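Residue-level listing of the chains:
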Amino acid sequence: MAPPPASAGFFRLDRELLCDGVPLADIASGAGTPVYVYSAALLRERYRAVDDAFAGYPHAVHYALKANSTLAVARLLRELGSSADANSVWEIDVARRAGFDPSQIVFTGVGKTAAELECAVALGVKAINVESAGELARVDAIAQRIGRPARVAVRLNPDIDAKSHPHISTGLKINKFGVPLDDARELFATLKGRRALSLVAVHVHVGSQITSLDPLRRAAAIAADISLELRGQGLPLEYVDLGGGLGVSYDRGEVPAVADYIAALVAEVRRTRLPIVVEPGRVIAAPAGVLLARVIDVKPRSASSEFAILDAGMTELLRPALYGAFHAIEPVSTAAAGDRHYELVGPVCESSDVVGRDRMLPRLAEGDLVAIRDAGAYGSVMASNYNRRPLPAEVLVDNGEWRIVRRRQTIDDQLSLET
Ligand SMILES: Cc1ncc(COP(=O)(O)O)c(C=O)c1O
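Reading the values: rules and limits
Residues numbered from 1 in each chain as written. Predicted model: local features only at pLDDT ≥ 70, side-chain atom pairs only at ≥ 80, totals over all residues. Heavy atoms only, no water. Helix = DSSP H or I, 4+ residues; strand = E, 2+ residues; numbered from the N terminus. Rg over C-alpha atoms; globule rule 2.2 N^0.38 Å. Buried < 20%, exposed > 50% of the residue type's maximum accessible area, 1.4 Å probe, protein only. Phe/Tyr/Trp six-rings, centres within 6.5 Å; stacked < 30°, edge-to-face > 60°. Lys NZ or Arg CZ within 6 Å of the ring centre and 35° of its normal. Near = heavy atom within 4 Å. Polar contact = N/O pair within 3.5 Å; in protein donor to acceptor, adjacent residues only side chain to side chain. Areas by Shrake-Rupley, 256 points an atom, 1.4 Å probe, with all protein chains shown as cover. Nonpolar A, V, L, I, M, F, W, Y, C, P; charged D, E, K, R; others polar. Arc of directions from axis to C-beta. Pairing = 2+ DSSP bridges. Salt bridge = Lys/Arg side-chain N within 4 Å of Asp/Glu carboxyl O. Core = buried A, V, L, I, M, F, W, Y, C linked by side-chain atoms within 4.5 Å.

K.L.:
Explanation requested: the overall build of the chain in the structure shown.
P.N.:
Helix and strand counts for the chain stand at 12 helices and 21 strands. Here the C-alpha atoms of the chain give a radius of gyration of 22 Å, agreeing with the 22 Å that 2.2 N^0.38 yields for 419 residues. With respect to the principal axes defined by its C-alpha atoms, the chain has extents near 70 × 50 × 45 Å. Counting over 419 residues, the chain shows a buried share of 56%.

Now the structure itself:
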(Lines give C-alpha, C1' and ligand atoms only; values in the text may rest on other atoms or scores of the structure.)
Protein backbone atom coordinates (compact mmCIF):
# COMPACT_ATOMS: atom_id res chain seq x y z
CA MET A 1 0.00 0.00 0.00
CA ALA A 2 1.16 3.53 -0.78
CA PRO A 3 2.32 5.65 2.15
CA PRO A 4 -0.32 7.83 3.82
CA PRO A 5 -0.65 11.34 2.34
CA ALA A 6 1.75 13.97 3.59
CA SER A 7 -1.24 16.27 4.08
CA ALA A 8 -4.94 16.20 3.32
CA GLY A 9 -6.28 17.48 0.04
CA PHE A 10 -4.74 19.05 -3.04
CA PHE A 11 -1.15 20.25 -2.85
CA ARG A 12 1.96 20.42 -5.02
CA LEU A 13 5.08 18.34 -4.68
CA ASP A 14 7.76 19.75 -6.95
CA ARG A 15 5.57 20.83 -9.86
CA GLU A 16 2.98 18.04 -9.67
CA LEU A 17 -0.48 18.58 -8.21
CA LEU A 18 -1.43 15.72 -5.90
CA CYS A 19 -4.60 14.61 -4.13
CA ASP A 20 -3.94 13.13 -0.69
CA GLY A 21 -0.46 12.28 -1.93
CA VAL A 22 -1.56 10.69 -5.23
CA PRO A 23 -0.49 12.43 -8.48
CA LEU A 24 -3.58 13.71 -10.31
CA ALA A 25 -1.79 12.95 -13.59
CA ASP A 26 -1.79 9.23 -12.66
CA ILE A 27 -5.52 9.34 -11.96
CA ALA A 28 -6.22 11.08 -15.28
CA SER A 29 -4.14 8.47 -17.13
CA GLY A 30 -5.98 5.64 -15.43
CA ALA A 31 -9.54 6.96 -15.34
CA GLY A 32 -9.53 9.26 -18.38
CA THR A 33 -10.87 12.81 -18.48
CA PRO A 34 -13.03 14.64 -17.68
CA VAL A 35 -13.05 13.16 -14.19
CA TYR A 36 -14.04 14.42 -10.76
CA VAL A 37 -11.51 13.58 -8.05
CA TYR A 38 -12.47 13.76 -4.37
CA SER A 39 -10.16 13.73 -1.36
CA ALA A 40 -11.54 11.50 1.39
CA ALA A 41 -9.15 13.11 3.87
CA LEU A 42 -10.49 16.59 3.07
CA LEU A 43 -14.12 15.44 3.21
CA ARG A 44 -13.42 14.07 6.67
CA GLU A 45 -11.58 17.21 7.74
CA ARG A 46 -14.37 19.49 6.50
CA TYR A 47 -17.12 17.44 8.14
CA ARG A 48 -15.26 17.34 11.44
CA ALA A 49 -14.68 21.10 11.32
CA VAL A 50 -18.46 21.59 11.35
CA ASP A 51 -19.20 18.87 13.88
CA ASP A 52 -16.42 19.80 16.32
CA ALA A 53 -17.29 23.50 16.21
CA PHE A 54 -20.43 22.83 18.27
CA ALA A 55 -18.07 22.13 21.17
CA GLY A 56 -20.52 20.09 23.17
CA TYR A 57 -23.67 22.02 22.26
CA PRO A 58 -26.35 19.44 21.26
CA HIS A 59 -26.66 19.27 17.49
CA ALA A 60 -26.96 17.14 14.36
CA VAL A 61 -25.15 17.80 11.09
CA HIS A 62 -27.43 16.86 8.18
CA TYR A 63 -25.13 16.88 5.16
CA ALA A 64 -27.04 18.38 2.19
CA LEU A 65 -26.98 15.65 -0.43
CA LYS A 66 -27.89 18.13 -3.15
CA ALA A 67 -24.27 19.33 -3.04
CA ASN A 68 -22.87 15.92 -3.93
CA SER A 69 -24.85 12.71 -3.60
CA THR A 70 -22.39 10.26 -5.10
CA LEU A 71 -22.91 7.11 -3.01
CA ALA A 72 -19.29 6.84 -1.93
CA VAL A 73 -19.33 10.44 -0.68
CA ALA A 74 -22.64 9.96 1.13
CA ARG A 75 -21.38 6.73 2.73
CA LEU A 76 -18.14 8.33 3.86
CA LEU A 77 -20.05 11.13 5.58
CA ARG A 78 -22.49 8.72 7.21
CA GLU A 79 -19.56 6.73 8.59
CA LEU A 80 -18.31 9.94 10.22
CA GLY A 81 -21.63 10.34 12.01
CA SER A 82 -23.40 12.69 9.63
CA SER A 83 -27.14 12.71 9.12
CA ALA A 84 -28.69 13.72 5.78
CA ASP A 85 -30.75 16.46 4.15
CA ALA A 86 -32.55 15.12 1.06
CA ASN A 87 -34.24 17.36 -1.48
CA SER A 88 -36.20 14.76 -3.44
CA VAL A 89 -37.46 11.25 -3.03
CA TRP A 90 -34.51 10.14 -5.13
CA GLU A 91 -32.06 11.73 -2.73
CA ILE A 92 -33.93 9.95 0.08
CA ASP A 93 -33.37 6.72 -1.85
CA VAL A 94 -29.66 7.46 -2.20
CA ALA A 95 -29.48 8.30 1.51
CA ARG A 96 -31.09 4.96 2.38
CA ARG A 97 -28.68 3.09 0.09
CA ALA A 98 -25.80 4.94 1.71
CA GLY A 99 -27.01 3.55 5.02
CA PHE A 100 -28.81 6.51 6.57
CA ASP A 101 -31.76 5.55 8.75
CA PRO A 102 -35.03 7.44 8.04
CA SER A 103 -34.68 8.97 11.51
CA GLN A 104 -31.48 10.64 10.22
CA ILE A 105 -33.09 12.22 7.15
CA VAL A 106 -34.78 15.61 6.87
CA PHE A 107 -36.76 16.07 3.67
CA THR A 108 -36.55 19.59 2.26
CA GLY A 109 -37.64 21.13 -1.04
CA VAL A 110 -40.13 23.65 -2.34
CA GLY A 111 -42.09 21.33 -4.62
CA LYS A 112 -42.56 17.88 -3.15
CA THR A 113 -45.12 15.82 -5.04
CA ALA A 114 -47.83 13.81 -3.29
CA ALA A 115 -45.92 10.62 -4.16
CA GLU A 116 -42.75 12.00 -2.60
CA LEU A 117 -44.58 13.10 0.54
CA GLU A 118 -46.26 9.73 0.90
CA CYS A 119 -42.91 7.98 0.65
CA ALA A 120 -41.44 10.25 3.34
CA VAL A 121 -44.42 9.82 5.67
CA ALA A 122 -44.42 6.04 5.20
CA LEU A 123 -40.69 5.86 5.90
CA GLY A 124 -41.04 8.02 9.01
CA VAL A 125 -38.27 10.52 8.25
CA LYS A 126 -36.97 12.75 11.03
CA ALA A 127 -38.89 15.71 9.56
CA ILE A 128 -40.59 16.87 6.42
CA ASN A 129 -39.64 20.53 6.14
CA VAL A 130 -42.90 21.96 4.80
CA GLU A 131 -42.83 25.10 2.70
CA SER A 132 -46.47 26.23 2.57
CA ALA A 133 -49.92 25.92 4.13
CA GLY A 134 -50.94 23.77 1.16
CA GLU A 135 -48.07 21.37 1.71
CA LEU A 136 -48.88 21.12 5.41
CA ALA A 137 -52.47 20.15 4.53
CA ARG A 138 -51.23 17.58 2.01
CA VAL A 139 -48.88 15.95 4.54
CA ASP A 140 -51.71 15.85 7.08
CA ALA A 141 -54.09 14.22 4.59
CA ILE A 142 -51.50 11.60 3.62
CA ALA A 143 -50.61 10.86 7.24
CA GLN A 144 -54.29 10.35 8.08
CA ARG A 145 -54.92 8.19 5.02
CA ILE A 146 -52.03 5.82 5.63
CA GLY A 147 -52.46 5.91 9.40
CA ARG A 148 -48.94 7.07 10.16
CA PRO A 149 -48.31 10.32 12.04
CA ALA A 150 -45.85 12.66 10.35
CA ARG A 151 -43.12 14.78 11.88
CA VAL A 152 -42.95 18.21 10.29
CA ALA A 153 -40.80 21.32 10.50
CA VAL A 154 -42.03 24.59 9.00
CA ARG A 155 -39.61 26.48 6.76
CA LEU A 156 -39.91 30.18 7.42
CA ASN A 157 -39.09 32.81 4.85
CA PRO A 158 -37.52 35.47 7.09
CA ASP A 159 -37.16 38.06 4.30
CA ILE A 160 -33.39 38.29 4.76
CA ASP A 161 -31.01 39.23 1.98
CA ALA A 162 -28.22 36.63 2.00
CA LYS A 163 -26.24 38.86 -0.40
CA SER A 164 -25.07 35.88 -2.43
CA HIS A 165 -25.83 35.38 -6.13
CA PRO A 166 -29.56 36.08 -6.84
CA HIS A 167 -29.95 32.54 -8.21
CA ILE A 168 -28.94 31.02 -4.87
CA SER A 169 -30.51 33.50 -2.45
CA THR A 170 -33.60 31.90 -0.96
CA GLY A 171 -34.56 33.95 2.07
CA LEU A 172 -36.17 37.01 0.53
CA LYS A 173 -39.92 37.45 0.42
CA ILE A 174 -39.77 37.49 -3.37
CA ASN A 175 -38.12 34.04 -3.40
CA LYS A 176 -40.31 30.97 -3.78
CA PHE A 177 -39.10 29.35 -0.57
CA GLY A 178 -40.77 28.93 2.80
CA VAL A 179 -43.71 30.50 4.63
CA PRO A 180 -43.56 34.30 4.94
CA LEU A 181 -43.20 35.42 8.56
CA ASP A 182 -46.47 37.35 8.31
CA ASP A 183 -48.36 34.14 7.51
CA ALA A 184 -46.45 31.82 9.82
CA ARG A 185 -48.39 32.51 13.02
CA GLU A 186 -51.69 31.79 11.31
CA LEU A 187 -50.26 28.54 9.96
CA PHE A 188 -48.90 27.49 13.36
CA ALA A 189 -52.33 28.16 14.88
CA THR A 190 -53.85 25.51 12.59
CA LEU A 191 -51.41 22.87 13.83
CA LYS A 192 -53.23 22.02 17.03
CA GLY A 193 -56.15 20.76 14.96
CA ARG A 194 -53.96 18.51 12.87
CA ARG A 195 -53.78 15.34 14.93
CA ALA A 196 -51.71 13.42 12.39
CA LEU A 197 -48.87 15.95 12.49
CA SER A 198 -46.32 16.77 15.12
CA LEU A 199 -44.35 19.98 14.74
CA VAL A 200 -40.76 19.19 15.65
CA ALA A 201 -38.91 22.31 14.51
CA VAL A 202 -38.79 25.68 12.85
CA HIS A 203 -36.57 25.70 9.75
CA VAL A 204 -34.72 28.53 7.99
CA HIS A 205 -32.31 28.48 5.06
CA VAL A 206 -31.61 31.83 3.44
CA GLY A 207 -29.30 30.91 0.57
CA SER A 208 -26.03 29.36 -0.46
CA GLN A 209 -22.45 30.62 -0.87
CA ILE A 210 -23.10 33.19 1.88
CA THR A 211 -19.86 34.97 2.74
CA SER A 212 -21.02 37.18 5.62
CA LEU A 213 -22.24 35.86 8.95
CA ASP A 214 -24.81 38.59 9.40
CA PRO A 215 -27.70 37.07 7.38
CA LEU A 216 -27.06 33.64 8.89
CA ARG A 217 -27.04 35.12 12.39
CA ARG A 218 -30.23 37.09 11.76
CA ALA A 219 -32.05 34.05 10.37
CA ALA A 220 -30.96 32.01 13.41
CA ALA A 221 -32.25 34.75 15.74
CA ILE A 222 -35.64 34.72 14.03
CA ALA A 223 -35.84 30.92 14.19
CA ALA A 224 -34.94 31.06 17.89
CA ASP A 225 -37.55 33.78 18.63
CA ILE A 226 -40.33 31.88 16.89
CA SER A 227 -39.30 28.61 18.52
CA LEU A 228 -39.57 30.22 21.97
CA GLU A 229 -42.94 31.70 21.06
CA LEU A 230 -44.25 28.31 19.91
CA ARG A 231 -42.98 26.57 23.00
CA GLY A 232 -44.74 29.22 25.05
CA GLN A 233 -47.94 28.18 23.27
CA GLY A 234 -47.44 24.57 24.31
CA LEU A 235 -45.91 23.21 21.11
CA PRO A 236 -43.01 21.03 22.30
CA LEU A 237 -40.34 21.50 19.67
CA GLU A 238 -37.35 19.14 19.51
CA TYR A 239 -34.72 21.26 17.74
CA VAL A 240 -34.10 24.33 15.55
CA ASP A 241 -33.12 23.69 11.91
CA LEU A 242 -30.86 26.46 10.60
CA GLY A 243 -30.27 25.08 7.10
CA GLY A 244 -26.94 25.40 5.32
CA GLY A 245 -25.47 28.16 3.23
CA LEU A 246 -21.98 29.03 4.48
CA GLY A 247 -19.80 29.99 1.52
CA VAL A 248 -16.32 28.82 0.55
CA SER A 249 -13.45 30.81 -0.87
CA TYR A 250 -13.40 30.01 -4.57
CA ASP A 251 -11.06 32.94 -5.30
CA ARG A 252 -8.91 32.64 -2.15
CA GLY A 253 -10.62 35.73 -0.70
CA GLU A 254 -11.69 35.87 2.96
CA VAL A 255 -14.75 33.90 4.08
CA PRO A 256 -15.99 33.31 7.62
CA ALA A 257 -14.35 30.39 9.42
CA VAL A 258 -16.60 27.40 10.06
CA ALA A 259 -15.94 27.70 13.80
CA ASP A 260 -17.10 31.33 13.83
CA TYR A 261 -20.21 30.43 11.84
CA ILE A 262 -21.24 27.66 14.22
CA ALA A 263 -20.38 29.80 17.26
CA ALA A 264 -22.67 32.53 15.89
CA LEU A 265 -25.54 30.05 15.45
CA VAL A 266 -25.07 28.62 18.93
CA ALA A 267 -24.97 32.12 20.42
CA GLU A 268 -28.37 32.93 18.88
CA VAL A 269 -30.07 29.63 19.73
CA ARG A 270 -28.66 28.84 23.18
CA ARG A 271 -31.50 30.71 24.91
CA THR A 272 -34.00 28.19 23.52
CA ARG A 273 -32.04 25.26 25.00
CA LEU A 274 -32.97 23.38 21.86
CA PRO A 275 -30.48 21.30 19.87
CA ILE A 276 -29.39 22.74 16.52
CA VAL A 277 -29.69 21.02 13.16
CA VAL A 278 -27.56 22.37 10.30
CA GLU A 279 -27.68 21.30 6.65
CA PRO A 280 -24.25 22.18 5.21
CA GLY A 281 -23.38 21.04 1.71
CA ARG A 282 -20.93 23.30 -0.08
CA VAL A 283 -18.69 24.01 2.90
CA ILE A 284 -18.04 20.28 3.34
CA ALA A 285 -17.81 19.09 -0.25
CA ALA A 286 -16.67 21.97 -2.48
CA PRO A 287 -12.98 22.19 -1.50
CA ALA A 288 -12.72 18.38 -1.38
CA GLY A 289 -13.09 17.92 -5.14
CA VAL A 290 -11.47 18.95 -8.42
CA LEU A 291 -12.56 18.40 -11.98
CA LEU A 292 -9.66 17.20 -14.16
CA ALA A 293 -9.80 18.13 -17.83
CA ARG A 294 -7.43 17.94 -20.79
CA VAL A 295 -6.67 20.69 -23.22
CA ILE A 296 -8.08 19.64 -26.60
CA ASP A 297 -6.94 22.68 -28.56
CA VAL A 298 -5.33 26.08 -28.17
CA LYS A 299 -6.14 28.85 -30.64
CA PRO A 300 -5.72 32.61 -30.87
CA ARG A 301 -8.40 34.85 -29.40
CA SER A 302 -6.83 38.29 -29.68
CA ALA A 303 -3.34 39.73 -30.03
CA SER A 304 -2.67 38.99 -26.36
CA SER A 305 -4.99 36.14 -25.51
CA GLU A 306 -5.74 32.55 -26.50
CA PHE A 307 -8.61 30.11 -26.12
CA ALA A 308 -7.77 26.87 -24.35
CA ILE A 309 -10.50 24.42 -25.29
CA LEU A 310 -10.99 21.74 -22.64
CA ASP A 311 -12.68 18.37 -22.74
CA ALA A 312 -14.88 19.54 -19.82
CA GLY A 313 -17.35 22.38 -19.95
CA MET A 314 -20.84 23.35 -18.88
CA THR A 315 -22.01 19.76 -19.24
CA GLU A 316 -19.60 18.64 -16.50
CA LEU A 317 -19.47 21.84 -14.40
CA LEU A 318 -22.43 24.14 -14.93
CA ARG A 319 -21.70 26.74 -12.26
CA PRO A 320 -19.59 29.13 -14.36
CA ALA A 321 -22.17 29.20 -17.19
CA LEU A 322 -25.14 29.27 -14.81
CA TYR A 323 -24.01 31.86 -12.26
CA GLY A 324 -20.82 33.27 -13.72
CA ALA A 325 -19.20 31.36 -10.84
CA PHE A 326 -15.42 31.50 -10.43
CA HIS A 327 -13.32 28.36 -10.04
CA ALA A 328 -9.53 28.53 -9.78
CA ILE A 329 -7.92 26.57 -12.61
CA GLU A 330 -4.34 25.37 -12.65
CA PRO A 331 -2.18 23.10 -14.76
CA VAL A 332 -1.52 19.75 -13.10
CA SER A 333 2.10 19.16 -14.08
CA THR A 334 3.69 22.61 -14.34
CA ALA A 335 3.68 25.74 -12.20
CA ALA A 336 0.24 26.88 -10.99
CA ALA A 337 0.50 30.43 -12.35
CA GLY A 338 2.10 32.08 -15.36
CA ASP A 339 2.08 35.11 -17.63
CA ARG A 340 -0.05 33.98 -20.57
CA HIS A 341 -3.63 35.09 -20.94
CA TYR A 342 -6.31 32.45 -21.53
CA GLU A 343 -10.03 32.07 -21.84
CA LEU A 344 -10.66 28.46 -20.80
CA VAL A 345 -13.73 27.12 -22.56
CA GLY A 346 -15.57 23.83 -22.92
CA PRO A 347 -16.44 21.86 -26.06
CA VAL A 348 -20.20 22.53 -25.96
CA CYS A 349 -21.88 24.53 -28.71
CA GLU A 350 -22.83 27.49 -26.51
CA SER A 351 -20.84 30.68 -26.11
CA SER A 352 -21.73 30.61 -22.39
CA ASP A 353 -19.64 27.44 -22.15
CA VAL A 354 -16.72 29.24 -20.48
CA VAL A 355 -15.06 27.48 -17.55
CA GLY A 356 -12.53 30.18 -16.68
CA ARG A 357 -12.50 33.75 -17.99
CA ASP A 358 -9.50 35.96 -18.14
CA ARG A 359 -6.86 33.70 -16.56
CA MET A 360 -3.08 34.08 -16.38
CA LEU A 361 -1.42 30.66 -16.66
CA PRO A 362 1.81 29.09 -17.89
CA ARG A 363 1.79 28.18 -21.58
CA LEU A 364 -0.83 25.49 -22.26
CA ALA A 365 -0.54 22.94 -25.05
CA GLU A 366 -2.77 20.26 -26.50
CA GLY A 367 -2.92 17.28 -24.13
CA ASP A 368 -2.07 19.26 -20.98
CA LEU A 369 -4.03 18.45 -17.89
CA VAL A 370 -5.74 21.15 -15.82
CA ALA A 371 -7.46 20.97 -12.44
CA ILE A 372 -10.60 23.01 -11.88
CA ARG A 373 -10.57 23.56 -8.14
CA ASP A 374 -13.32 23.54 -5.49
CA ALA A 375 -15.63 21.50 -7.71
CA GLY A 376 -16.71 18.94 -5.09
CA ALA A 377 -20.11 20.60 -4.49
CA TYR A 378 -22.76 21.45 -7.10
CA GLY A 379 -20.43 19.94 -9.71
CA SER A 380 -21.17 16.36 -10.76
CA VAL A 381 -24.74 16.64 -9.45
CA MET A 382 -25.51 19.34 -12.03
CA ALA A 383 -23.89 17.56 -14.98
CA SER A 384 -25.99 16.98 -18.08
CA ASN A 385 -26.06 15.02 -21.31
CA TYR A 386 -26.29 18.08 -23.54
CA ASN A 387 -24.65 17.35 -26.90
CA ARG A 388 -25.05 13.68 -25.84
CA ARG A 389 -21.99 14.07 -23.69
CA PRO A 390 -21.62 11.29 -21.13
CA LEU A 391 -21.70 12.04 -17.40
CA PRO A 392 -18.05 12.13 -16.23
CA ALA A 393 -16.35 9.51 -14.10
CA GLU A 394 -15.74 10.15 -10.40
CA VAL A 395 -12.78 9.02 -8.32
CA LEU A 396 -12.29 8.92 -4.56
CA VAL A 397 -8.77 9.08 -3.17
CA ASP A 398 -8.50 7.50 0.25
CA ASN A 399 -5.48 6.57 2.27
CA GLY A 400 -3.05 6.94 -0.60
CA GLU A 401 -5.12 4.92 -3.07
CA TRP A 402 -7.66 5.92 -5.70
CA ARG A 403 -10.69 4.13 -7.07
CA ILE A 404 -13.46 4.89 -9.49
CA VAL A 405 -16.64 5.41 -7.47
CA ARG A 406 -18.78 6.25 -10.48
CA ARG A 407 -17.80 5.01 -13.91
CA ARG A 408 -18.08 7.25 -16.92
CA GLN A 409 -21.48 7.00 -18.56
CA THR A 410 -21.54 5.45 -22.03
CA ILE A 411 -23.77 6.26 -24.97
CA ASP A 412 -25.32 2.82 -24.44
CA ASP A 413 -26.24 3.86 -20.87
CA GLN A 414 -27.97 6.89 -22.31
CA LEU A 415 -29.76 5.05 -25.09
CA SER A 416 -30.89 2.23 -22.82
CA LEU A 417 -33.70 4.58 -21.74
CA GLU A 418 -34.96 5.04 -25.26
CA THR A 419 -36.94 2.97 -27.71
C1 LIG B 1 -32.94 23.74 2.34
C2 LIG B 1 -31.49 23.67 2.04
N3 LIG B 1 -30.65 23.19 2.98
C4 LIG B 1 -29.32 23.12 2.76
C5 LIG B 1 -28.77 23.53 1.57
C6 LIG B 1 -27.29 23.41 1.39
O7 LIG B 1 -26.72 24.64 1.20
P8 LIG B 1 -25.14 24.83 1.14
O9 LIG B 1 -24.62 23.83 0.19
O10 LIG B 1 -24.97 26.21 0.70
O11 LIG B 1 -24.62 24.59 2.54
C12 LIG B 1 -29.59 24.03 0.57
C13 LIG B 1 -29.02 24.52 -0.70
O14 LIG B 1 -29.27 25.58 -1.17
C15 LIG B 1 -31.00 24.10 0.80
O16 LIG B 1 -31.83 24.56 -0.13
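K.L.:
Quick question: what am I supposed to make of the packing of aromatic side chains here?
P.N.:
Aromatic rings considered in pairs are described by the distance between their centres and by the relative angle of their planes. A complete count under the given rule lists 1 aromatic pair for this structure. Relative to Tyr38, the ring of Tyr36 lies with its centre 6.2 Å away and its plane at 20°, an arrangement referred to as stacked. We note Lys112 situated over the ring of Phe107; from NZ or CZ to the ring centre the distance is 5.7 Å. The aromatic ring of Phe307 is capped on one face by Arg301, whose charged end is 5.6 Å from the ring centroid.

K.L.:
In this structure, what is going on with the site of the ligand? I would like to understand it.
P.N.:
With respect to spatial proximity, 14 residues lie near the ligand, and among them Ser208, Gly245, Glu279, Arg282 and Tyr378 are the closest. At a separation of 3.1 Å, an oxygen atom of the ligand approaches a polar side-chain atom of His205. At 2.9 Å, a backbone N or O of Gly245 approaches an oxygen atom of the ligand. Across the complex, the protein chains shield 92% of the 400 Å² of accessible surface that the ligand would expose by itself. Looking at the shell around the ligand residue by residue, the classes come out as 3 nonpolar, 6 polar and 5 charged.

K.L.:
What should I look at first to understand helix 1 (residues 24–31) in this one?
P.N.:
Think of an α-helix as turning once every 3.6 residues; residues three or four places apart then point the same way. Those residues of helix 1 that fall on the buried side of the exposure criterion are Leu24, Ala25, Ile27, Ala28 and Ala31. Projected onto a plane normal to the axis of helix 1, the buried residues spread over an arc of 160° and lie on a single side. Opposite the buried face of helix 1, at more than 90 degrees from it, the exposed residues are Ser29 and Gly30. Positive backbone phi, approximately 80°, marks Gly32, located one or two places after helix 1.

K.L.:
In this structure, what is going on with the sheet that holds strand 3 (residues 22–23)? I would like to understand it.
P.N.:
The pairing of strands in a sheet happens through backbone hydrogen bonds and is either parallel or antiparallel. Strand order in the open sheet made by the 3 strands is 1-2-3, with antiparallel pairing throughout. Strands with a single pairing partner mark the edges of an open sheet, and in this sheet they are strand 1 (10–13) and strand 3. One ladder, built from 2 bridges, connects strand 2 (residues 16–19) with strand 3; its direction is antiparallel. Paired with Cys19 across the two strands is Val22, which belongs to strand 3.

K.L.:
What should I look at first to understand the pattern of salt bridges in this one?
P.N.:
Side chains that differ in charge, positive against negative, can pair when their charged atoms come close. This model, assessed by the stated rule, comprises 21 salt bridges. Here the salt bridges do not stand alone but share partners, grouping Arg12, Glu330 and Arg373 into one network.

K.L.:
Explain the nonpolar core to me, please; I cannot follow it from the model alone.
P.N.:
It is characteristic of soluble globular proteins that their nonpolar side chains tend to be buried jointly. In terms of nonpolar packing, the biggest core is built from 125 residues, with Leu24, Val37, Ile128 and Phe188 touching the most fellow members. No other element matches the 9 residues that helix 8 (residues 213–232) contributes to this core.

K.L.:
Please explain unusual backbone geometry as it appears in this structure.
P.N.:
Trans peptide bonds make up most of the peptide bonds, and negative phi angles are found at most residues other than glycine. The residue after Thr33, namely Pro34, is reached through a cis peptide bond having omega -5°. Structurally, Pro34 can be placed in the loop between helix 1 and strand 4 (35–39). Residues other than glycine seldom take positive phi values, yet Asp358 does so here, at roughly 60°. Its location among the elements puts Asp358 in strand 18 (residues 354–361). If you check the backbone angles, Asn399 has positive phi at about 55° while not being a glycine. Tracing the chain through its elements places Asn399 in the loop between strand 20 (393–398) and strand 21 (401–406).

Any link to function would need more than the numbers given here.
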